[in-house]
Amino acid sequence: MKYDFTGFYIVATGETEKKAASIFADEIKKRTGTAPEIVTQKKDGCFVRMVIGEKGESEDYSVVHSDSAITITACRLRALIFGAGLFIRKSEIKDGRIILTKNLTGKYSPYMKERGHQLSYTDMNNTYDAWSKEQYRQYFIDLMLFGNNTFESDSGGKGEENKLMKYTRHEAMLLNSITCDELDLDFSVWHPLSKKKTHEETLEEVKASYGGLCRMNVLFPPGGDPGDLQAEDFIDRCVLMKREAQKMFPEVKMFPSAQAPHCYPDWGERFVSKMNELPEEIDAVIYGPNHAMPIDELRRRIDKRYPFRFYPDITHNVRCEVPVHFQQDDWHYALAATLSRESVNPRPTEYRLLHRMTRQYVQGSVSYSEGVNDDLNKFVWSAMDFDPECDLRESIRDYTRAFFCGVDVEKFTDMIFALEKNWIGDPAENPSIDVTFNSFVELEKEHPELKENWRFQLHLFRAYCDKIVRDRRIFELGLIDEAKQYVAVGDVNGAVKALETDFDGEYKAKRAKLFELAQKLFELIGIQLDVEHFGGMAWERGCTLDTIDNPVTDRKWLLDRIKNDPANAEDYFNRNRVDKDEYYFSFAEHGFEVCGKQEGEYYMDFQGDDNFNAELPMCMTKVFDHFNFKTSVAGLTGGDYKLRITYKDRPNDKIIHHKVAINGNVIHDGGQFGGVRDEEFEKKFLADGYQSIVYDIPAEFIDNGCAVLEITEPLDGFEISEFWFTKA
């Protein structure tokens, strides 16, 4: 059943109700062009009444809904705003008409205590450093429509500033604390610590930084990332900081994070030991990237008096806590190379899985975000924190109704899901990329007003990126196949000419459109999609225009090699080919699932988006980084074998137990790598910074053609990108 609330007015009597009504009316005006009238007495017509019942800290609210009247009752301002957000999320607004899609009657109570996002004003992010106080305020309100109750800033200290910034970092922190106070949002502050400063210097920093804030509810010092204090010193300093901050904000909470500095292998154990002394100044523990140990282990070992707050990384795609397809880490290298670490990345179903995996351990979350590239993820995550069992499709419908008035809700919801599905598998094998692209282009034609909607333009930009990567990969794979045929008949010049074939006009037009979209997005929301034109900090910080032209095939690598070494052109085209009774594996080319489940928390260090590594063949772009690796190989029926492994060079002369074994038979146990280094192979087939190490495997170590390969190194681990079993 639907309800027509076109032309409704708002009834509000008290100060808090009028504040909520004013925010509600402004949001309706943005969507219809007309603000509802705010009155103190009910009159004829449909209306929404805002009521503060018994004042308190509860965030619960209730709604009573009849055909022409809605009453939202709560204890405080933020909960009334949540109620207004429910109205907006469930309304189809088009041509000034407001049609509620359902009866809203019910009691609403947030599941998680903390529901927020870190939106720090620093030079490192890709958007927020270009914002004004008003833009921050609007984003806070947008998030509150989905039940968000916390904004987290950085400490506003002496960090780097840039030409995009309208304020100093400290000024921005103060201004945002004022906005949080106005909107009844909790204000959390991330404050990194360093052994370069003494305890006393840090306390002076606390006094200088926070004295002018309107409010501070939580102080969050990270243990690492960044951080370099040993665990005992870290907790001691957090205790002193809490005491100092309490002089200004008596109710402030101290939430240190269990993020371990890489320089202390025993940091996690010492952190647990120190926390089990039960310091009363610590109120909770934050769990996030570079964690000292898995969340289930940390929860078992830290006293339950300390609740956990999650610090999920919903902004990054590679080289991060939750990479794309984090269960398999199989994001295709062509997409990873071009879209890189901070591209526009709606990942609703993945983050629903992450939420389900972690929610039983935590009392809430404040996400890590570096810009609006993760905009959809923030709203989905906030919706799940409010109600973990919320329907994911309905949450994206809410996002659509709230921010894309007049658009076909079901169609656009499918388009968001489609963007996530675009990243499944090889883009050359994923025709849904074309369908998604066409849907976005057609929708913009149907709704010209979307040219001024930054959220639509953001996702349109992503659809263009995916389409460009797919088209280029298909085109280049065809060129490589053609060039290979020339090489097979000894015509290297023909191969070079084929590989140098230029893109057609249609492709170039799409590539030029990307810049136009980036320029529009910079004007609308300040996102910096390259370094040169829009002031991005670095290519890795969401500057997709600086990475979109990175290699997606071996075209460039092959062209460089056969031009410089035409006599061995065929070797380069056949670099990875082996006989039937041999075996080759690449983490990038073959998918990690082939190796089977690995023990512990490994890291996949993607290399293909770094412009300085363009000389890499694509098969080397994913580097497995861990303390152990195990996989099974079969079909090795050729007698004695050679095992060749491509390691990333990370010299460490303290390593004494780098162990390589075949079916339990040790072929090396000693210093780093061992084996025999093949520098001729490196020069011909690898890039700088990698080593090719060869080990002998006698036939008796292979069991009926089967080999279980195990590599372990307990001190520093190892990094490998590929390996071969070839006949000796």
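Residues numbered from 1 in each chain as written. Predicted model: local features only at pLDDT ≥ 70, side-chain atom pairs only at ≥ 80, totals over all residues. Heavy atoms only, no water.

Caption draft 1: Molecular detail of the overall build of the protein. Helix and strand counts for the protein stand at 21 helices and 28 strands. For 728 residues, the compact-globule estimate of 2.2 N^0.38 gives 27 Å, and the C-alpha radius of gyration of the protein, at 28 Å, lies within 12% of that figure. Along the longest, intermediate and shortest principal axes, the C-alpha atoms of the protein span 90 × 65 × 50 Å. Considering the protein as a whole, with its 728 residues, one finds that 59% of them fall into the buried category. The long-range share in the protein, meaning contacts at least 24 apart out of those at least 6 apart in sequence, stands at 75%. For the protein, the accessible surface area stands at approximately 29,000 Å², while carbon and sulfur atoms represent 48% of it. (Helix = DSSP H or I, 4+ residues; strand = E, 2+ residues; numbered from the N terminus. Rg over C-alpha atoms; globule rule 2.2 N^0.38 Å. Buried < 20%, exposed > 50% of the residue type's maximum accessible area, 1.4 Å probe, protein only. Contact = heavy atoms within 4.5 Å. Areas by Shrake-Rupley, 256 points an atom, 1.4 Å probe, with all protein chains shown as cover.)

Caption draft 2: The sheet that holds strand 8 (residues 97-100), seen in detail. Strand order in the open sheet formed by three strands is 1-8-7, and the pairing between neighbours is antiparallel. Every interior strand has two partners, whereas the edge strands, strand 1 (3-4) and strand 7 (91-94), have only one. Bridge count for strand 7 against strand 8 is four bridges, and the pairing is antiparallel. Looking at the pairing, Ile-93 lines up with Ile-98 of strand 8. (Pairing = 2+ DSSP bridges.)

Caption draft 3: Structural detail: the nonpolar core. Counting 158 residues, the largest nonpolar core has Phe-5, Phe-8, Phe-24, Met-50, Phe-87, Phe-271 and Phe-461 as its most contacted members. Counting residues in hydrophobic clusters, the runner-up holds 29 residues, among them Tyr-583, Phe-587, Phe-629 and Val-633. (Core = buried A, V, L, I, M, F, W, Y, C linked by side-chain atoms within 4.5 Å.)

Caption draft 4: Molecular detail of the packing of helix 13 (residues 409-421) against helix 14 (residues 432-446). Helix 14 packs onto helix 13 with a crossing angle of 145 degrees between their chain directions and a minimal axis gap of 10 Å. Of the two elements, helix 13 crosses helix 14, and the hand of that crossing is left-handed. Of the residues in helix 14, those in contact with Lys-411, Phe-412, Met-415, Ala-418, Leu-419 and Lys-421 of helix 13 are Ser-432, Thr-436, Ser-439, Phe-440, Leu-443 and Glu-446. Of the residues contributing to the contact of helix 13 with helix 14, the split by class is six nonpolar, three polar and three charged. (Axes fitted to C-alpha atoms, helices over the stretch in contact; angles between N-to-C directions. Left-handed = near helix turned anticlockwise from the far one by under 90°. Nonpolar A, V, L, I, M, F, W, Y, C, P; charged D, E, K, R; others polar.)

Caption draft 5: Main features of the pattern of salt bridges. Enumeration over the complete set of coordinates arrives at 75 salt bridges. Asp-154 is the partner of Arg-169 in a salt bridge, and the nearest nitrogen-oxygen pair spans 1.9 Å. Taken together, the positions of Arg-169 in helix 4 (residues 169-183) and Asp-154 in strand 11 (residues 150-154) put the pair 15 residues apart, joining distant regions of the chain. Overall, the relative accessible area of 9% leaves Arg-169 in the buried class. One salt bridge in this structure joins Glu-452 and Lys-520, with 2.7 Å as the shortest N-O distance. Highlighted residues: Glu-452 in the loop between helix 14 and helix 15 (454-488) and Lys-520 in helix 17 (residues 505-525), separated in sequence by 68 residues. (Salt bridge = Lys/Arg side-chain N within 4 Å of Asp/Glu carboxyl O.)

Caption draft 6: Spatial organisation of helix 13. The terminal C-alpha atoms of helix 13 lie 19 Å apart, and with 13 residues this matches the ideal 18 Å at 1.5 Å per residue to within 8%. Of the residues making up helix 13, those classed as buried are Val-409, Phe-412, Thr-413, Met-415, Ile-416, Phe-417, Leu-419 and Glu-420. Along its buried surface, helix 13 packs onto helix 10 (348-358), helix 11 (375-386), helix 12 (392-403), helix 14 and helix 15. Sitting at the head of helix 13, Asp-408 places a side-chain oxygen 3.1 Å from the backbone nitrogen of Glu-410. (Expected span 1.5 Å × (residues − 1). Polar contact = N/O pair within 3.5 Å; in protein donor to acceptor, adjacent residues only side chain to side chain.)

Caption draft 7: Molecular detail of the sheet that holds strand 6 (residues 69-74). Pairing within the open sheet is mixed, and its six strands lie in the order 3-2-4-6-5-9. Two strands lie at the open edges of the sheet, namely strand 3 (38-39) and strand 9 (106-108), each paired on one side alone. With three bridges connecting them, strand 5 (residues 61-65) and strand 9 associate as antiparallel partners. Its bridge partner lying in strand 9, Ser-62 is registered against Lys-107. Along the sheet, helix 2 (residues 77-89) makes contact with strand 4 (47-52), strand 5, strand 6 and strand 9, crossing strand 6 at roughly 150 degrees.

Caption draft 8: Structural view of the state of the cysteines. Under the counting rule described, the total for this entry stands at zero disulfides. Cys-320 forms no disulfide, and the closest cysteine sulfur to it belongs to Cys-543, at a distance of 17 Å. Owing to a relative accessible area of 14%, Cys-320 belongs among the buried residues under this scheme. The thiol of Cys-465 is not disulfide-bonded; the next cysteine sulfur, from Cys-543, is found 12 Å away. What makes Cys-465 buried here is its relative accessible area of 1%. (Disulfide = S-S within 2.5 Å.)

Caption draft 9: Here's a closer look at helix 12. Taking 1.5 Å as the rise per residue, helix 12 with 12 residues should run 16 Å; its terminal C-alpha atoms sit 17 Å apart, in good agreement. Counting buried positions along helix 12 yields 11 of 12 residues, so the element is predominantly enclosed. If you check which residues of helix 12 are buried, you get Leu-392, Glu-394, Ser-395, Ile-396, Arg-397, Asp-398, Tyr-399, Thr-400, Arg-401, Ala-402 and Phe-403. For helix 12, the N-terminal capping position is held by Asp-391, with its side-chain oxygen 3.0 Å away from the main-chain nitrogen of Arg-393.

Caption draft 10: Expanded view of the packing of aromatic side chains. For the coordinates displayed, the defined rule picks out 62 aromatic pairs. An angle of 50 degrees between the planes, with centres 6.3 Å apart, marks the rings of Tyr-121 and Tyr-136 as tilted. In this pair, Tyr-121 sits in the loop between strand 10 (114-118) and helix 3 (133-144) while Tyr-136 sits in helix 3, placing the two residues 15 residues apart along the sequence. In this structure, Tyr-121 and Tyr-136 share a single accessibility class: buried. Taking 4.9 Å as the distance between ring centres and 50 degrees as the angle between the ring planes, the aromatic pair formed by Tyr-584 and Trp-724 counts as tilted. Note that Tyr-584 is positioned in strand 18 (residues 583-586) and Trp-724 in strand 28 (residues 718-727), a separation of 140 residues in sequence. The buried category is assigned to Tyr-584, whose relative accessible area is 9%. According to the relative accessible area criterion, Trp-724 is buried, its value standing at 5%. (Phe/Tyr/Trp six-rings, centres within 6.5 Å; stacked < 30°, edge-to-face > 60°.)

Caption draft 11: Representation of the pairing of strand 7. Residues of strand 7 alternate between two faces, with Ser-91 and Ile-93 buried on one and Glu-92 and Lys-94 left unburied on the opposite face. If you look at the hairpin formed by strand 7 and strand 8, you'll find two residues sitting between the two strands, and Asp-95 has a positive phi there, around 55 degrees.

Caption draft 12: Up close: the side chain of His-447. Relative to the elements of secondary structure, His-447 occurs in the loop between helix 14 and helix 15. Excluding residues within four positions of it along the chain, His-447 makes contact with Gly-406 and Val-407.

Caption draft 13: Representation of the environment of Phe-718 within the structure. Tracing the backbone shows Phe-718 in strand 28. With residues up to four places along the chain from it excluded, the contact list for Phe-718 reads Phe-624, Asp-625, His-626, Phe-627, Asn-628, Phe-629, Tyr-647, Arg-650, His-658, Ile-711, Thr-712 and Glu-713.

Caption draft 14: Seen up close, the side chain of Asp-329. By the secondary structure assignment, Asp-329 is in the loop between strand 16 (308-310) and helix 9 (333-339). Buried Asp-329, no salt bridge; nearest opposite-charge side chain is Lys-622, N-O distance 5.1 Å. Sequence-distant contacts of Asp-329, defined by excluding residues within four places in its chain, comprise Pro-323, Val-324, Tyr-602, Met-604 and Lys-622. (Lys, Arg positive; Asp, Glu negative; His and termini not counted.)

Purely geometric numbers; function is a separate question.
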